[in-house]
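Commentary on secondary and tertiary structure
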Amino acid sequence: MPFPEEESLAVSVGHYTSIGIRKIMYERVEPPYENCHWYTNLDMVEKNAYRNYFNMSVTQMTQSACYKTCLQKQTISRCGCAQPTIPFTGSSFTNVEWPDNPRVCDTVAAQSDISCVDNVTYAYKTGGLNCEENCPPTCLRLLFQA
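Residues numbered from 1 in each chain as written. Predicted model: local features only at pLDDT ≥ 70, side-chain atom pairs only at ≥ 80, totals over all residues. Heavy atoms only, no water.

Once that is clear, we can look at the nonpolar core. Ranked by internal contacts, the top residues of the largest apolar core, which has 21 residues, are Val120, Leu129 and Cys135. Listed by contribution, the elements that provide at least two residues to this core are α3 (63-79) and α4 (111-125). Top contributing element to this core by residue count: α3, with six residues. (Core = buried A, V, L, I, M, F, W, Y, C linked by side-chain atoms within 4.5 Å. Buried < 20%, exposed > 50% of the residue type's maximum accessible area, 1.4 Å probe, protein only. Helix = DSSP H or I, 4+ residues; strand = E, 2+ residues; numbered from the N terminus.)

So, in structure tokens, the structure goes:
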């Protein structure tokens, strides 16, 4: 699952552009030598909200998708609302306790939502949500590099 905000190339409109792309396959050494994980279909259902959101039966599990799903689960648990930029429906969220009225966080006008989402995002960025433990890198990763 690619995330353009993390791994992308900006191209100007109205200009001729030539881009070379290289396909790279990383195969990490399995434990105990390195901390990687062979993700199963069950892992994908639980840890990849994007699979459900885009209705993809087959998708490559990425650490980024797992991290973002982890962030969303923590936002829902701690703030009682979901971040609008990350999917929050589907089987990845069946074990998450929602309030009676599920809603999207109002990150524009509601100061309590803004503060809570900021706090959860800060904890996420500083390793305070344990997403690293729940989302080890895949043992096999396919990457396209420009």
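Right, let's get into the state of the cysteines. Applying the stated criterion to the full structure yields five disulfides. In this model Cys66 forms its disulfide with Cys135; the gap between the sulfur atoms is 2.1 Å. Where Cys66 bonds to Cys135 through sulfur, the torsion about that S-S bond is close to -75 degrees, and the disulfide is left-handed. Residue Cys66 is found in helix α3, and its partner Cys135 is found in the loop between α5 (131-134) and β2 (140-145); the two are separated by 69 residues along the sequence. Here Cys70 connects covalently by a disulfide to Cys131, the sulfurs 2.1 Å from one another. Disulfide Cys70-Cys131: torsion about the S-S bond near -85 degrees, hence left-handed. Of the two residues, Cys70 sits in helix α3 while Cys131 sits in helix α5, which places them 61 residues apart along the sequence. Taken individually, Cys70 and Cys131 each receive the classification buried, so the pair is uniform in this respect. With cysteine numbering restricted to those in disulfides and following the sequence, the protein chain has the pairing 1-10, 2-9, 3-8, 4-7, 5-6. (Disulfide = S-S within 2.5 Å.)

Turning to a nonpolar patch on the surface, a few remarks are in order. Nonpolar side chains collect at one region of the surface, where Leu9, Val11, Ile19, Ile21 and Phe144 lie side by side and expose about 510 Å² of accessible area between them. Along the chain, the position of Phe144 falls in strand β2. Residue Phe144 is classed as exposed on the basis of its relative accessible area, which comes to 54%. (Patch = residues over 30% accessible without salt bridge, like charges linked within 9 Å, V, L, I, M, F, W, Y side chains within 5 Å. Areas by Shrake-Rupley, 256 points an atom, 1.4 Å probe, with all protein chains shown as cover. Salt bridge = Lys/Arg side-chain N within 4 Å of Asp/Glu carboxyl O.)

Right, let's get into unusual backbone geometry. Even without being a glycine, Asn130 presents a positive backbone phi close to 60 degrees. Locating Asn130 in the fold gives a position in the loop between α4 and α5. Its relative accessible area of 38% is what places Asn130 among the partly exposed residues.

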